[in-house]
Amino acid sequence: EKIQSQFPYYLLDIINAGAGGNKIANLLARVHKDVVSKNPDIVLMYWDSDVSDQPVEDLEQYSLQQQYKADVNEVITIIRNTTRRFAVAGPGILGEGPLFQFDFFGKNRLLDKFREFNRNISASNGVLYIDVRKALRDSIPSMWMLNRWYCSSDGEHPNQRGTQIMAEQFGMALNLFLNVQ
């Protein structure tokens, strides 16, 4: 709804193929059925569950990171064979915390690392990368001191403000795709 409202002169058939808690390996297993079979003109892919529900020690494992990168690359390759208008986003705000607790269980450093994985893999495949994490972080006032989250409801999931910021980022990508043939 937020994205459609940004494009009142376009009839967008938006299909949310997301599944809460899915990791990139889950998306890889269902990308043909849930994305490719729909023959989309544009795909915006966002996820961050790979980082959200695993212990930091597990995420630091080289083998897990290599498998993650291989899975992201394979999903991107599959979707790129379906449409050239494709953007990758994520991870998002996960890690935001109240009152000087901005390293949510030690994951901020790893979130930034996984963001770089996504950015680099996207670039190497000629895919637009939407840095929603940066957009969300940049929106937090530098003097934000209240004992509550600014862009998220719990340090992981975007609240209304966070959702709006993400929709604006996706809207910019859609604008680029819709105005460039």
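It should be noted that the structure appears before, not after, this text.
Residues numbered from 1 in each chain as written. Predicted model: local features only at pLDDT ≥ 70, side-chain atom pairs only at ≥ 80, totals over all residues. Heavy atoms only, no water.

1. Quick word on the layout of surface pockets
Selection rule: In the cavity and pocket records, a cavity denotes points on a 1 Å grid over the protein atoms alone where a 1.4 Å probe fits but cannot get out, a pocket denotes an open set with protein on both sides within 12 Å along at least 5 of 7 lines, and lining residues are residues with an atom within 4 Å of a point. Grid points are joined across faces, edges and corners, and a volume is the space filled by probe spheres set on the points. Note on conventions: DSSP H or I runs of at least 4 residues are helices, E runs of at least 2 residues are strands, and numbering of each starts at the N terminus. Under the scheme applied here, ten amino acids are nonpolar (Ala, Val, Leu, Ile, Met, Phe, Trp, Tyr, Cys and Pro), four are charged (Asp, Glu, Lys and Arg), and all others, including Gly, are polar.
Taken as a whole, the largest pocket encloses approximately 1,600 Å³ of empty space. Looking at the lining of the largest pocket, the element that brings in the most residues is helix α8 (residues 160-179), giving six residues. Looking at side-chain class alone, the lining of the largest pocket contains 25 nonpolar, ten polar and eleven charged residues.

2. A look at the sheet that holds strand β2 (residues 85-89)
As a reminder, the rule being used: Strand pairing is assigned whenever DSSP identifies at least 2 bridges connecting the two strands. Axes here refer to lines fitted to C-alpha atoms; in helices the fit is confined to the stretch in contact. Angles between the N-to-C directions go from 0 to 180 degrees.
Overall, parallel pairing links the three strands, which are arranged β1-β2-β3 in an open sheet. Of all the strands in the sheet, just β1 (42-46) and β3 (128-130) have a single pairing partner and so form its edges. In this sheet, adjacent strand axes meet at a mean angle of 25 degrees when their direction is disregarded. As defined by bridge partners, β1 adjoins β2 across five bridges and the pair is classed as parallel. Paired with Tyr-46 across the two strands is Ala-89, which belongs to β2.

3. Topic: the packing of aromatic side chains
To keep things clear, this is the line we draw: Pairing of aromatic rings covers Phe, Tyr and the six-membered ring of Trp, with a centre-to-centre limit of 6.5 Å; geometry is then stacked below 30 degrees between planes, edge-to-face above 60, and tilted otherwise. Note on geometry: a ring has a charge over it if NZ (lysine) or CZ (arginine) is within 6 Å of the ring centre and within 35 degrees of the ring normal.
Scanning the entire structure with this criterion turns up six aromatic pairs. Through a chain of ring-to-ring contacts, three or more aromatic side chains come together here, namely Trp-47, Tyr-68, Phe-114 and Phe-117. We note Arg-161 situated over the ring of Tyr-150; from NZ or CZ to the ring centre the distance is 3.9 Å.

4. Considering the side chain of Arg-80
Stated formally: Burial classification: accessible surface area is computed with a 1.4 Å probe over protein chains only, and a residue below 20% of its type maximum counts as buried, one above 50% as exposed, and the rest as partly exposed. Charge counting follows a simple rule: Lys and Arg are positive, Asp and Glu are negative, and His as well as the terminal groups are ignored. Definition used for salt bridges: Asp or Glu carboxyl oxygen within 4 Å of a side-chain nitrogen of Lys or Arg. Definition of a polar contact: a pair of N or O atoms within 3.5 Å, with one able to donate and the other able to accept a hydrogen when the atoms are protein atoms, and with sequence-neighbouring residues admitted only if both atoms are side-chain atoms. By the convention used here, residues are in contact when the closest approach between their heavy atoms is within 4.5 Å.
Note that Arg-80 resides in helix α5 (residues 62-80). The charged side chain of Arg-80 is buried without a salt bridge, its nearest counter-charge being Asp-41 at 13 Å. One polar contact links the side chain of Arg-80 to the main-chain carbonyl oxygen of Gly-126, over a distance of 3.3 Å. Not counting the four nearest positions on each side in its chain, Arg-80 is found in contact with Phe-86, Asn-125, Gly-126 and Val-127.

5. Details of the environment of Gln-169
Within the secondary structure layout, Gln-169 lies in helix α8. Measuring from C-alpha to C-alpha, the distance between Gln-169 and Ala-135 comes to 7.8 Å, with 34 residues separating the pair along the chain. Residues in contact with Gln-169, not counting those within four places in the same chain, are Ile-130, Val-132 and Ala-135.

6. Looking at the nonpolar core
Which entries qualify depends on this criterion: Each nonpolar core is a collection of buried residues, namely Ala, Val, Leu, Ile, Met, Phe, Trp, Tyr and Cys, held together in the definition by side-chain atoms within 4.5 Å.
In terms of nonpolar packing, the biggest core is built from 21 residues, with Ile-24, Met-45, Val-75, Ile-76, Ile-79, Phe-86 and Val-88 touching the most fellow members. At the level of elements, α2 (24-34), β1, α5, β2 and α6 (108-124) are the ones that each hand at least two residues to this core. When residues in this core are grouped by element, the largest group, six residues, is from α5. Discounting chain neighbours no more than four positions away, the residues touching Val-75 are Ile-24, Leu-27, Leu-28, Val-31 and Met-45. Ranked by size, the runner-up nonpolar core spans 20 residues in total, among them Ile-3, Leu-136, Phe-170 and Phe-177.

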